[in-house]
Amino acid sequence: MADFIEGKRPVIEALRTHVPLKYILMADNLSQGDSLVRDIQRKAKNLDVPIKKVLKKKLDEISERGSHQGVMAEAAPFDYVNVTTILDAAKQSAEEHDGRALIVVLDHITDAGNLGAIARSAECVGASGIVIPNKRAARVTAATYKSSAGAISHIPVTQVANLVSTIERLKDEGFWVAAATEHASDLIWQSNLKGKIALVMGNEGEGVSRLVLENCDFGVKLPQVGEISSLNVAQASTACMYEWLRQNWE
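Predicted model, so just to flag it, every value in this text is computed and none were measured. (Residues numbered from 1 in each chain as written. Predicted model: local features only at pLDDT ≥ 70, side-chain atom pairs only at ≥ 80, totals over all residues. Heavy atoms only, no water.)

J.: How should the packing of helix α5 (residues 112-125) against helix α9 (residues 233-247) be read in this particular structure?
T.: A packed helix pair is summarised by two numbers, namely the angle formed by the two axes and the spacing between the axes. Two elements in contact, α5 and α9, have axes whose closest approach is 9 Å; the angle formed by their N-to-C orientations is 10°. With respect to their mutual orientation, α5 and α9 come out roughly parallel. The two elements α5 and α9 cross, and the hand of that crossing is right-handed. In this structure, α5 contributes Asn114, Ala117, Ile118, Ser121, Ala122, Cys124 and Val125 to the contact, and α9 contributes Val233, Ala234, Ser237, Thr238, Met241, Tyr242, Trp244 and Leu245. Of the residues assigned to the contact of α5 with α9, the class counts are 11 nonpolar, four polar and no charged. (Axes fitted to C-alpha atoms, helices over the stretch in contact; angles between N-to-C directions. Helix = DSSP H or I, 4+ residues; strand = E, 2+ residues; numbered from the N terminus. Parallel < 35°, antiparallel > 145°, perpendicular 65-115°, else oblique. Left-handed = near helix turned anticlockwise from the far one by under 90°. Contact = heavy atoms within 4.5 Å. Nonpolar A, V, L, I, M, F, W, Y, C, P; charged D, E, K, R; others polar.)

J.: Would you explain the pattern of salt bridges in this entry?
T.: Side chains that differ in sign of charge can pair as their charged atoms come close. One pass over the full model with this rule turns up 10 salt bridges. The salt bridge partner of lysine 171 is aspartate 217, with a shortest N-O separation of 3.8 Å. Of this pair, lysine 171 sits in helix α7 (residues 163-172) while aspartate 217 sits in the loop between α8 (210-214) and β10 (218-220); the two residues are 46 residues apart in sequence, bridging distant segments of the chain. For lysine 171, a relative accessible area of 24% gives the class partly exposed. (Salt bridge = Lys/Arg side-chain N within 4 Å of Asp/Glu carboxyl O. Buried < 20%, exposed > 50% of the residue type's maximum accessible area, 1.4 Å probe, protein only.)

J.: Would you mind going over unusual backbone geometry with me for this structure?
T.: Trans peptide bonds make up most of the peptide bonds, and negative phi angles are found at most residues other than glycine. Backbone geometry places glutamine 69, a non-glycine residue, at a positive phi of 55°. With respect to the helices, strands and loops of the structure, glutamine 69 is situated in the loop between α3 (56-62) and β4 (71-75).

J.: I keep staring at α7 and nothing clicks. Help me out?
T.: Given 3.6 residues per helical turn, the α-helix brings residues three or four places apart onto the same face. If you check which residues of α7 are buried, you get Leu163, Val164, Thr166, Ile167 and Leu170. One face of α7 carries all of its buried residues, which in axial projection span an arc of 160°. Count one or two residues on from α7 and you reach glycine 174, which has phi positive near 95°. (Arc of directions from axis to C-beta.)

J.: Help me understand the sheet that holds strand β3 (residues 51-54) in this model?
T.: Sheet strands line up and pair through hydrogen bonds in the backbone, either parallel or antiparallel. Ordered by their spatial adjacency, four strands build an open sheet running β1-β4-β2-β3, and the pairing between neighbours is mixed. Of all the strands in the sheet, just β1 (3-6) and β3 have a single pairing partner and so form its edges. Going across the sheet, the axis of each strand differs from the next one's by a mean of 25°, ignoring polarity. Direction of pairing for β1 relative to β4: antiparallel, over a ladder of four bridges. (Pairing = 2+ DSSP bridges.)

In structure tokens form, the structure reads like this:
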């Protein structure tokens with residue numbers, strides 16, 4: 001299914017954050033005196049993104065939200081990698097940083113914005129890659145580029161058919177697998193996150209699934225003194241990733 005971005009400002013934001021675009025569709029009745037239209041045309045030219053003039057009726061037909069304002073852009077498919085590519089990146093990280101490497105495993109995160117926010121933090125701490133399921137989970141979309149502030153372009157992401165088998169492969173490659181879960185007995189501050197760690201973060205509503213949790217080496221949880229039951233998964237991921245970085249800081 002094509003991933004369309006609708007509206008003048010959303011398309012401008014996509015161009016600004018370098019979302020890879022196949023083309024931009026622009027209604028042929030748009031005013032050339034519109035400053036937003038001119039901005040789109042200028043940015044698209046600078047990035048070599050083709051603009052196709054079409055009838056407004058065509059945009060009405062393909063628009064899902066009816067908010068296109070005469071402008072839509074189709075995002076190019078994201079270039080996923082295989083697990084081996086991420087493992088190779090982790091090996092290089094370990095060689096260059098005294099044995100430290102981080103891979104983030106997302107257990108059916110469903111919001112593309114959360115995926116982007118997690119990718120932004122993962123790139124900031126130097127994670128080697130992100131693992132996501134290829135079904136019933138968020139994929140990389142234009143919303144991911146926006147929430148990651150473009151970081152998703154700089155960190156490898158792989159889609160896998162089976163998280164449990166992937167976790168077992170990570171173990172075989174020398175990773176300790178830590179699941180972030182409120183059911184953990186130890187706070188993350190008390191856990192050993194030094195070296196090669198695969199950090200598993202769970203679904204927004206259900207957390208880490210039972211089968212995945214059973215195949216992790218240990219669980220970690222963040223301390224909490226407030227009344228809210230838990231952090232957003234993107235916020236929790238950031239806190240956990242930075243604790244990994246703190247423990248491995250050279």
